[in-house]
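Fold and geometry: a report
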Protein chains: 4
Amino acid sequence: MNINYMAELLATVSERASRLVGLGPKPRPALARTDIAVLAADLVSHRGEASGVAIAAEILSRYAGLAPEERIRFLTGLVERFGPDEERVARAVEAWRRDPSPLAVSELHIAAEPLRQELLRRLNLAPGGTLALVRLRADVLELTADEPALKVLDTDLVHLFSSWFNRGFLVVRRIDWSTPANILEKLIAYEAVHEIDGWDDLRRRIEPTDRRCYAFFHPQLADEPLIFVEVALTAGIPEAVAPLLAPDRAPLPAKEATTAVFYSISNCQAGLAGISFGSFLIKQVVEELKRDLPQLAIFVTLSPAPGFARWLDQERNSDESPLTPAERQVLDALDSPGWHRDPAVAGRVEPVLKAAAARYYLEARTDRGRPVDPVARFHLGNGARLERIDHLGDVSARGLEQAYGLMVNYLYDLDRIEENHEAYAERKVVAASPAVRALLKRESSRELA
Amino acid sequence: MNINYMAELLATVSERASRLVGLGPKPRPALARTDIAVLAADLVSHRGEASGVAIAAEILSRYAGLAPEERIRFLTGLVERFGPDEERVARAVEAWRRDPSPLAVSELHIAAEPLRQELLRRLNLAPGGTLALVRLRADVLELTADEPALKVLDTDLVHLFSSWFNRGFLVVRRIDWSTPANILEKLIAYEAVHEIDGWDDLRRRIEPTDRRCYAFFHPQLADEPLIFVEVALTAGIPEAVAPLLAPDRAPLPAKEATTAVFYSISNCQAGLAGISFGSFLIKQVVEELKRDLPQLAIFVTLSPAPGFARWLDQERNSDESPLTPAERQVLDALDSPGWHRDPAVAGRVEPVLKAAAARYYLEARTDRGRPVDPVARFHLGNGARLERIDHLGDVSARGLEQAYGLMVNYLYDLDRIEENHEAYAERKVVAASPAVRALLKRESSRELA
Amino acid sequence: MNINYMAELLATVSERASRLVGLGPKPRPALARTDIAVLAADLVSHRGEASGVAIAAEILSRYAGLAPEERIRFLTGLVERFGPDEERVARAVEAWRRDPSPLAVSELHIAAEPLRQELLRRLNLAPGGTLALVRLRADVLELTADEPALKVLDTDLVHLFSSWFNRGFLVVRRIDWSTPANILEKLIAYEAVHEIDGWDDLRRRIEPTDRRCYAFFHPQLADEPLIFVEVALTAGIPEAVAPLLAPDRAPLPAKEATTAVFYSISNCQAGLAGISFGSFLIKQVVEELKRDLPQLAIFVTLSPAPGFARWLDQERNSDESPLTPAERQVLDALDSPGWHRDPAVAGRVEPVLKAAAARYYLEARTDRGRPVDPVARFHLGNGARLERIDHLGDVSARGLEQAYGLMVNYLYDLDRIEENHEAYAERKVVAASPAVRALLKRESSRELA
Amino acid sequence: MNINYMAELLATVSERASRLVGLGPKPRPALARTDIAVLAADLVSHRGEASGVAIAAEILSRYAGLAPEERIRFLTGLVERFGPDEERVARAVEAWRRDPSPLAVSELHIAAEPLRQELLRRLNLAPGGTLALVRLRADVLELTADEPALKVLDTDLVHLFSSWFNRGFLVVRRIDWSTPANILEKLIAYEAVHEIDGWDDLRRRIEPTDRRCYAFFHPQLADEPLIFVEVALTAGIPEAVAPLLAPDRAPLPAKEATTAVFYSISNCQAGLAGISFGSFLIKQVVEELKRDLPQLAIFVTLSPAPGFARWLDQERNSDESPLTPAERQVLDALDSPGWHRDPAVAGRVEPVLKAAAARYYLEARTDRGRPVDPVARFHLGNGARLERIDHLGDVSARGLEQAYGLMVNYLYDLDRIEENHEAYAERKVVAASPAVRALLKRESSRELA
């Protein structure tokens, strides 16, 4: 163990790999003509220690050229042939059962580590290896539904990535109009919340004095943002997204802004799903903005409510919902296209919709006891609080379809984040402003009436 | 598992951590007044998710201020209190025994992962965290002899570092006279083979046209070389080190060099012991030199023989040694100080010493069947071959004491490295030049005579 | 003189400036309320020595806000009020007439230097001052036609810029898809030869493996290219521009190219007109390309013939032209729109057009004895030779209008550049390939027939 | 003129150059065998336009290898053969006498510009040309005393450098322990005030939290500081230099400092003598420090008084000095070595010395009416005020010899700099603190007594 652990591990790994390859005496065929699975075995063998970079590069380049069904075959092979040493596992289990000492459990952990982990670590030797492995995991995720056997491969990748993409290694960089074009084009490609419509639209989001954009980068993926957040500097908490994105709006001098609005957060790498950075990015950006513009007092999101329409429809169709007949009648207006353009209708709908939304956020729960809305789970989990419900915040086709136009603001108050987070994590408490709570109370009192 | 693995892991981790902390209702004491062990528990709890950077920084700064015995106490606490969840291990063992499926062994691996791993990953959130953890491991290694219980902690650190310091993440950088002084001073501090005597000596090693120096860096430790190699460009394979380091030598124009001599390789971080980079560094430097100076034809070391004197003394004291009485008599000269300065004596000693050295490298073996000399194990393990034995290569006090002045050259021939490495790793074959083998044959034939 | 020259100069300058300002005792009005002309006088006074940065910044910011007629007034003021010290000039003239020694002529030079020069040097203290002065010169050039008095101001600016933008200070940088967007957008704005139609078109010109783009930058104008050249790597000398710019063409692997084609060179700064960099840029890019891709053998332009159509029309309308009636009849086809799309017509036109073009390049001359075509003057002046005339090389509306579709290739053969340049500069010899000369001979022989 | 000015200038220049070279038809000898003076003529000829970089590099490399007397010959040749076009000067003088219009004076200025200016501009094309020209001027300055004819060459260089080294092009960079060693070694070499005794001493001046060092760099001379200033952060205005430089002093946390002390300013390039940057550097460093450490309230120097001992000795030897017999007797102690180590003696000397110093700074004047002390002229010229006189501030051998141990503090109060500078520049007023003035008054009243 201790300092010889790596050496021993490598020795064991190589021995097993030699058996895998059925390693006879030389000569072996040239790299280019060897089967990719044999190459993988080579890579964890002694040969991989001497020529790892070349073999790893060959495997990854070969993999990139495979058709989907060939990829499944290769990935399945990794699961089947590159597991842990079963005998060693058996020995470790026996030893642990005799004496569950720290040493025994440590050996258990090591013995149960699949050979795949070492294979993946060695694939990283290839130039561009890290990005190739992130993309390989995107394949795994896409194919996982059909191939449950691949889930252990995903576990390996997650385990590795949680070390490699440790947030201590990530770097926040500001994105602006002097950022290289090959990075900027990725923002256009990856923006997931409010689509960026080409270079002119992109420019409007990063160049004006009242716009900011920040992304996390990993040193090894210098041209590939991992996640980015778009920020608008404003003179108050905005209640709709269209004015923020309007092509002809007049920018606000940065020094006059009081509020930083996080209006879009997008993950860039499908292969890093579940390796969460969003929370860290927002907090770091808050610090950065405070340093640059000390007068900023409010840090808030303008967020979609992606599950609201579906939930409300269920309520409307359910006899058990507390919705009153009068309310149901008001909500029937939502079924007429264009309802939001008629001020009278929209005005009637507003109080009923907001009250329902308060219930959606504060009372509706998943089976596991969390809020129904996934965006809410993210921000509440970060320690933010639900600050305001915005009627007709997003009247795009998508905004109407998924949330009847509703948007919400989550407030990031750094002094309360820890407390909110703990209350949420331990006691499932949803932090909400008095104004939002009041919507609920009004609803409750109405019910009593 | 799959993409929710991390989320679940974090949830489990936090629950256990809460129990560790004995987490009651708030208020908790301010960071500065909390015990460091409680902080560690906090860091893996929900609180750590929200305020990880601050807590991690506090722990590491606190740790840096502890006295040795307090450090031992803290490290021991990590082993005792931050192991894996024993119930989960027990369940995983049972499940595996019922059905040793890939999923079951994967769960075994995960269940047996100690909470320490997550703690270490979170400590890395602190600014400077990576370096602090490397130094923490140096403590663990220093204290390990007395505290075998800490060995599992070392295993955790090695496991983490083997991911973090994956050679795919390391960057080779040339070190020269335009390198920042805070990096250069580390070369002076860490040079382990031929001590650097201040800034003027350092300059002589990196500034002349026929000198090169390269180091591996990790992006997170930008000012801390991990390992560095010093290279002399020469017109042939050198047989002694003093002329390479002479203050008044005339430099060779780089374009006229035919040979690159690796005359010193030094690790810089005690805390990365056993995480081997040396092999990779040499190979990458060979590539780099070839690109810059395509006329270079020979890549060779000039290396010490640190175990030779001790081994030879044993031979001389042993009745079972094949040394003849005549040879023993010649070698008696080694006991007179200054023997190497008398050309007649040195000339008599040379053939006997070289023949013995050939035996030392080619035939002497450790219990595990490897060469006795640790430097030989390193270079042969990299696929180099033993090229030449140099009489009076290093007549410094240290060179005489550890090797009776002997040095050797290992040849790095990139076309043969893989083959040599495999023969050595699998069949313990020591690659050696015909000239070195001839020394042995001469000895053998002499034995027959 | 010598080392005290600057000190004395400053003293003189300040004294005169004080008189200009009518400098009474303090207090003076705050910066913001002072007239811009008074500020200019301040800047060359003692006050400017102490507070130069602030005053220079105020002047340039104020200038940027002036309306055109106010700018003319300010610029005229510079000419009228910031000339040299007339008494000193008179004294220097007298001294020189008495004894035209080197010292006397040196004093003449210094005495005749207008105060404007020092004013312009001090304006450069403002952040962004250099760019502001380049833009101020663009104003001067635009206004010069109407205000001949401003020509001396232009001379001052040219004198200063020829020092500041000394080619030794310029840096060649490659422009590619990883270049910051704020630089790339300037390429779109400034491309003067073959318009860039948005970001997708730009990307096609700089991202593929067989495309290169280089620009000169000045350290003080880091985001402002001064001039840029677009290069296509091809397998032979191209005879038309459309295939080079086609959106759907298949890129050539860079390693397979034999030829580098400079198909567009654009100046970016109107204010640097007449400060020529183009020649240097091309030569430096040739060196750069040779280093990167040693297999490149031919360096050639694909250039417009902007004066050809006008010249040919004059020929066709002139009785003194050597054009035969038969040729004139053939050329009448050029007056029918779409002539180039009829292969029969285009085929008949080709020999007549090319022969005329040979005459245009080799024989037609300006009053000063130089070729009529401005692009030819540029490349021949650089030492290139006229390599080939390309029929229907550019059939865009502009190409047809200015050159009846004709383009030409100039060859940059570094070994002949010096010789060609000297022959051209001293004896007005136009370097041309035998093929181009042959076109002329054919024409000559025809004339004899 | 205007935009064709450069083209015409080049044409004229080249014609004259051709005559200089006696340019016949080719072939010319290869670059390497041509005389350096011929090369210089080549460089301003057409040949220089085509092959400027190569010729310029050859000239500068050749020049670097010349012996001193050969350098004088080359430099003299520049003066004799590369003057202005005398006929053109004569024509311009005549034109100006007929009509002294702005255009005529502009032509006078241009005509009188020596060909040397263009030659120097073209020498700058060589890689490293700027630095080589700065060193060439150092030669000119060194040789100027003996060769007054070279003074016009110096004037040309100063004229050029005042454009090239325009302060708008200079960059302030902080120097610290992470600065490249090849820059740091220049600090050791160039420190002119308080010698740096090797790397350990250097480190003590730039690494501790209460030390700063800043330098001006020119983009073209990236590794060559032009001037640097060393700063100590302290808790009050220091009155002696030794405690600031003591090897074993305890550093002050930067946040606790109230005062920034400029205790050493050194020029690095002899060839830039008279191109003054010091004033700008100090002011820019004050701004930088204020931004970093807003609590800093006082910016002050600790400066030598290099002319004081000589002046005081003259006073002591003069019958016209206002020194009283009693004072003269007290000052006689200065002639006994070690006087400053006897507290009683030093105490008696103090008031007399300080009173004399007040007179030295406030009343003694050069022929041109400026203070006698050159350091005082520099700081007062920058707008600083004389703040305090420090008895026994520098008791090194040098400090005692040149100033009987006296040092002084000059205060940089940014709000008063402009006013002080103008008063000094226009009315020769020396700004001094009431405390320093009081020393003088006491002396005056004493005289009356």
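Residues numbered from 1 in each chain as written. Chains lettered and ligands numbered in written order. Predicted model: local features only at pLDDT ≥ 70, side-chain atom pairs only at ≥ 80, totals over all residues. Heavy atoms only, no water.

When helices and strands are tallied, chain A shows 20 helices and eight strands. Counting only C-alpha atoms and orienting by the principal axes, one finds that chain A spans roughly 85 × 55 × 40 Å. The buried share of chain A, reckoned over its 449 residues, is 57%. If you take every contact in chain A between residues at least 6 apart in sequence, the share linking residues at least 24 apart comes to 71%. Only carbon and sulfur atoms are counted for the fraction: they give 52% of the accessible area of chain A, which is about 18600 Å². Counting 55 positive and 65 negative side-chain charges, chain A places the averaged centre of each group 2 Å from the other. (Helix = DSSP H or I, 4+ residues; strand = E, 2+ residues; numbered from the N terminus. Buried < 20%, exposed > 50% of the residue type's maximum accessible area, 1.4 Å probe, protein only. Contact = heavy atoms within 4.5 Å. Areas by Shrake-Rupley, 256 points an atom, 1.4 Å probe, with all protein chains shown as cover. Lys, Arg positive; Asp, Glu negative; His and termini not counted. Charge placed at Lys NZ, Arg CZ, Asp CG, Glu CD.)

Once chain A is rotated about the relating axis by 180° and shifted along it by 0.0 Å, it coincides with chain B to within an RMSD of 0.1 Å. The relationship between the two copies is best expressed as a two-fold rotation axis. Distance from the rotation axis, computed per C-alpha, reaches its smallest value in chain A at His 109 of chain A: 2.4 Å. Mapped onto chain B, 99% of the interface residues of chain A are again interface residues, and the two copies thus contact each other with one and the same surface. (Least-squares fit on C-alpha atoms with pLDDT ≥ 70 in both.)

Right, let's get into the interface of chain D and chain B. Listed by partner, the interface residues are ten residues for chain D and ten residues for chain B. Between chain D and chain B the total buried area reaches about 870 Å² when both faces are included, carbon and sulfur atoms providing 58% of it. Broken down residue by residue, the surface that chain D buries against chain B is led by Trp 177, Ala 181 and Trp 199 of chain D, which jointly contribute 50%. Counting across the chain D and chain B interface gives two salt bridges. At the surface where chain D touches chain B, the tally comes to eight residue pairs in polar contact (both at pLDDT 80 or more). Of all elements in the fold, only helix H10 (181-190) and helix H11 (198-206) of chain D reach the threshold of two or more residues within the side of chain D that touches chain B. Partitioned by chemical class, the residues of the side of chain D that touches chain B number five nonpolar, three polar and two charged. (Buried area = accessible area lost by both parts, 1.4 Å probe. Salt bridge = Lys/Arg side-chain N within 4 Å of Asp/Glu carboxyl O. Polar contact = N/O pair within 3.5 Å; in protein donor to acceptor, adjacent residues only side chain to side chain. Nonpolar A, V, L, I, M, F, W, Y, C, P; charged D, E, K, R; others polar.)

Here helix H5 (residues 86-98) of chain D spans 19 Å end to end across 13 residues, near enough to the 18 Å set by a 1.5 Å rise per residue. Put simply, Asp 85 of chain D is the residue that caps the front of H5 of chain D, since its side-chain oxygen is 3.2 Å from the backbone nitrogen of Glu 87 of chain D. (Expected span 1.5 Å × (residues − 1).)

Take the environment of Glu 401 of chain D next. Inspection of the secondary structure puts Glu 401 of chain D in helix H18 (residues 397-403). Sequence separation between Glu 401 of chain D and Gly 271 of chain D is 130 residues, and the spatial gap between their C-alpha atoms is 29 Å.

On to the interface of chain A and chain B. Across the boundary between the two partners, chain A contributes 67 residues, which contact 66 residues of chain B. Counting the surface lost from both chain A and chain B, the interface buries some 6200 Å², and carbon and sulfur atoms represent 63% of this. On the surface where chain A and chain B come into contact, there are zero salt bridges. For the pair chain A and chain B, the number of links is 13 residue pairs in polar contact (both at pLDDT 80 or more).

On to the pattern of salt bridges, then. If you walk through the whole model with that rule in mind, you get 113 salt bridges over all chains. Across the salt bridge formed by Arg 205 of chain C and Asp 201 of chain C, the nearest N and O atoms sit 3.4 Å from each other. A residue pair is termed a helical-turn pair when its members lie 3 or 4 positions apart in one helix, as Arg 205 of chain C and Asp 201 of chain C do in helix H11 (residues 198-206) at four residues. Relative accessible area serves as the criterion here: at 3%, Arg 205 of chain C is assigned to the buried category. In this structure Asp 201 of chain C comes out as buried when scored by relative accessible area, which is 7%. Connected via shared salt-bridge partners are Glu 191, Asp 201, Arg 204, Arg 205 and Glu 230 of chain A.

Residues and elements named next belong to chain A. Here chain A shows a mean pLDDT of 88. Residues at 70 or above account for 91%. pLDDT under 50 marks residues 1-7. Its contacts with residues more than four places away, or in other chains, come to 21 contacts. Confidence over residues 21-27 falls short of pLDDT 50; this stretch has eight contacts with residues more than four positions distant or in other chains. Our summary of model confidence lists the complex with pTM equal to 0.87 and ipTM equal to 0.84. (pLDDT = per-residue confidence, 0-100.)

In this section: the relation of the copies chain D and chain B. Superposing chain D onto chain B requires a rotation of 180° together with a translation of 0.0 Å along the rotation axis, leaving an RMSD of 0.0 Å. Interface overlap between copies: 100% of the residues of chain D at the interface are likewise at the interface in chain B, consistent with a symmetric, same-surface contact.

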